[in-house]
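As a plain string of letters, each chain reads:
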Amino acid sequence: MSNREPGQLRLLPDTDLAGDELAGGAFDSARLTQARRLAGMTKKSVADQIGVSAVAVGQWEAGTANPRPDNIDSLARVLDIPVAFLAAGRPYARLDAADAHFRSLRRTPVSQRDKAISFSEQIWELTYALEKRVRFPAVDLPGFSAGEVRQTDFPIDPVGAAQALRRQWELGADRIPRMVRTMEQHGIIVTLVPFAGSATATVDAFSTSKLPRPIVVLTPDRAEADVYRHRFSAAHELGHLLLHSDCVPGDTQQEREADEFAAEFLTPRAEITPLLPPRLDFKKLGELSTQWGVSVDSLLRRCKEVGAVSDATYRRAHQRLATLRASGLFIRESVQGYPGEVPALLRSAFEMAEQNGLSFKELAAELRITLPRLRLLLGQGDTRPELTLV
């Protein structure tokens, strides 16, 4: 982190460069790949729009050839980026597709996974830029250090890990009132933005522990539809970060373990079991849902796990629940009524830096991105987490 006084901020070159200013080896082939993936385009579609061959675009991305200045200008136009975005010389933490946990891998097209990975890279760059001005909460995740999760004496089973993390974070045994804010207060970057546009619905939550700060990306269509599912998704990704340093995207065992972690983290078995009705009682489950901030569906699974209902009763209960919801009961609530579940760390950090001299334009210039892109990366926030200026 920088020790400069607030307001004395070092900015990278402005973003209004022309393509010929990137000649002579300054072009960064990796940035072209990143920009193309963020745009959701294939090499062929880029090539068609700028009038070159797909082979040429492939050579540019492989670093075996550099585009001419006029090609660079065309790339910037087609990919909706400043020309300077394609220049080398600024921090870049690269991720592979295998470095992230995708909750619904089979529903996520490869192009959208690539877009999600590149989005995470940009989130880290934004975080890196802000951390030069604002001191973020320290990462408090057992075994995590600068992009690696090392094996420690921390429990490796999902239930034990959830119980131990509750103790380490001093959460007690009751409801966690603000799941997302709790993660942010322990140094985890959480975002909630429609980074994939209309295709966001095909991308469920995902996370990575392979960057200097762990990152969790939650998608707004899930949050708008059901705040309790949103909370569970956040806890599920927290389980991945804690348990699965060796990511196996789409692995059913890892997904099951993350679910078990989330269930225990949000509704500790020792606390919730005595409260569950001895027989199916939707009124009681509805009360517990509100009390603990989890869905009735999740509580039904808990009933099955502790033997309060049989498998057959569990299946019938889900059918009955669907009927009750269709009748207007057990209506799912949006995250908008729960400010502690809307990520705020990045936006609050920018607002603090802005009060001490940093502008949107200056930060966009440093990151070499457009103003709309910066607003997207910052997302929406509300309550300010604990931050200090550096």
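Residues numbered from 1 in each chain as written. Predicted model: local features only at pLDDT ≥ 70, side-chain atom pairs only at ≥ 80, totals over all residues. Heavy atoms only, no water.

Draft legend 1. Spatial organisation of the overall build of the chain. Scanning the chain for helices and strands turns up 17 helices and eight strands. Long-range contacts, defined as pairs at least 24 residues apart, comprise 76% of the intrachain contacts of the chain with a sequence gap of at least 6. Total accessible area on the chain is roughly 16,900 Å²; 49% of this is exposed by carbon and sulfur atoms. (Helix = DSSP H or I, 4+ residues; strand = E, 2+ residues; numbered from the N terminus. Contact = heavy atoms within 4.5 Å. Areas by Shrake-Rupley, 256 points an atom, 1.4 Å probe, with all protein chains shown as cover.)

Draft legend 2. Main features of the environment of Leu324. Structurally, Leu324 is set in helix H14 (residues 311-326). Of the residues examined, Leu324 reaches a relative accessible area of 10% and is grouped as buried. Taking the C-alpha atoms as reference points, Leu324 and Phe282, separated by 42 residues in sequence, lie 9.6 Å from one another. Non-local contacts of Leu324, meaning those with residues more than four positions away in its chain, are made with Phe282, Leu329 and Phe330. (Buried < 20%, exposed > 50% of the residue type's maximum accessible area, 1.4 Å probe, protein only.)

Draft legend 3. Spotlight on the side chain of Glu121. Tracing the sequence through the fold places Glu121 in helix H5 (residues 110-131). One buried charged side chain, Glu121, makes no salt bridge at all; its nearest oppositely charged neighbour is Arg94, positioned 5.0 Å away. Discounting residues that sit within four places of it in the chain, Glu121 has contacts with Gln34, Tyr92, Ala93, Arg94 and Leu95. (Lys, Arg positive; Asp, Glu negative; His and termini not counted. Salt bridge = Lys/Arg side-chain N within 4 Å of Asp/Glu carboxyl O.)

Draft legend 4. A look at the packing of aromatic side chains. Evaluation of the coordinates by the stated rule reveals six aromatic pairs. Judged by centre distance (6.2 Å) and plane angle (85 degrees), the ring pair of Trp169 and Phe265 falls under edge-to-face. Remark: Phe265 occurs in helix H10 (residues 252-266) and Trp169 occurs in the loop between helix H6 (158-168) and helix H7 (179-185); sequence separation between them is 96 residues. Across the pair, Phe265 and Trp169 agree in class, each one buried. By way of ring pairs, the aromatic residues Trp169, Phe261 and Phe265 are connected into one cluster. Above the ring of Phe85, the side-chain terminus of Arg90 is found at 5.0 Å from the ring centroid. (Phe/Tyr/Trp six-rings, centres within 6.5 Å; stacked < 30°, edge-to-face > 60°. Lys NZ or Arg CZ within 6 Å of the ring centre and 35° of its normal.)

Draft legend 5. How the structure looks around the pattern of salt bridges. Inspection of the entire model under this criterion finds 17 salt bridges. Taking the shortest distance from any N to any O, the salt bridge between Glu131 and Arg213 comes out at 3.0 Å. Linking Glu131 in helix H5 with Arg213 in the loop between strand S6 (206-208) and strand S7 (215-218), this pair joins segments that are 82 residues apart in sequence. With relative accessibility at 16%, the residue Glu131 sits in the buried group.

Draft legend 6. Spotlight on the packing of helix H1 (residues 29-38) against H5. The geometry of H1 relative to H5 is characterised by a closest axis approach of 8 Å and an angle of 120 degrees between their N-to-C directions. Here the hand of the crossing between H1 and H5 comes out left-handed. Every residue of H5 that contacts H1 at Arg31, Gln34, Arg37 and Leu38 is listed here: Asp114, Lys115, Ser118, Phe119, Glu121, Gln122 and Glu125. (Axes fitted to C-alpha atoms, helices over the stretch in contact; angles between N-to-C directions. Left-handed = near helix turned anticlockwise from the far one by under 90°.)

Draft legend 7. Highlighting the side chain of Glu257. Residue position: Glu257 is located in helix H10. Of the side chains with opposite charge, Arg256 lies nearest to the buried Glu257, which makes no salt bridge, at 7.1 Å. Contact partners of Glu257, with chain neighbours within four places excluded, come to Pro158, Leu243 and His244.

Draft legend 8. Layout of the environment of Ala270. Tracing the sequence through the fold places Ala270 in helix H11 (residues 269-272). Judged by its relative accessible area of 64%, Ala270 falls in the exposed class.

Draft legend 9. Inspection of H6 at higher detail. Among the residues making up H6, those that are buried are Pro158, Gly160, Ala161, Ala162, Ala164, Leu165 and Arg166. Structurally, H6 contributes buried residues whose contacts are with helix H9 (227-243) and H10. Just beyond H6, the residue with positive phi is Glu170, at close to 55 degrees.

Draft legend 10. How the structure looks around the environment of Asp28. Structurally, Asp28 can be placed in the segment before H1. A polar atom in the side chain of Asp28 sits 3.0 Å from the backbone nitrogen of Ala30. (Polar contact = N/O pair within 3.5 Å; in protein donor to acceptor, adjacent residues only side chain to side chain.)

Draft legend 11. Representation of the nonpolar core. Membership of the largest hydrophobic core comes to 53 residues, with the highest contact counts inside it found for Leu126, Leu130 and Leu363. Here this core gets eight residues from one element, more than from any other, and that element is H5. In contact with Leu126, not counting residues within four places along its chain, are Leu346, Leu363, Leu367, Leu374, Leu377 and Leu378. Among the nonpolar cores identified, the runner-up in size contains 51 residues, and Val216, Leu218, Ala223 and Ala317 belong to it. (Core = buried A, V, L, I, M, F, W, Y, C linked by side-chain atoms within 4.5 Å.)

Draft legend 12. Local environment of unusual backbone geometry. The backbone of Asp80 sits at a positive phi, close to 60 degrees, despite the residue not being glycine. Mapped onto the fold, Asp80 is located in the loop between helix H4 (69-79) and strand S1 (101-102). One non-glycine residue, Phe330, lies in positive phi territory at about 55 degrees. Within the secondary structure, Phe330 sits in the loop between H14 and helix H15 (345-355). Judged by its relative accessible area of 24%, Phe330 is partly exposed.

Draft legend 13. Structural view of the pairing of S7. Side-chain alternation along S7 places Ile215 and Val217 on one buried face and Val216 and Leu218 on a second face that is also buried. Here strand S5 (residues 189-192) pairs with S7 via four bridges, running parallel. Looking across to S7, one finds that Leu192 is bridged to Leu218. The sheet contact formed by S6 and S7 spans three bridges and is antiparallel. Among the inter-strand pairings, Ser207 is bridged to a residue of S7, identified as Val216. The hairpin formed by S6 and S7 contains six residues between the paired strands. (Pairing = 2+ DSSP bridges.)

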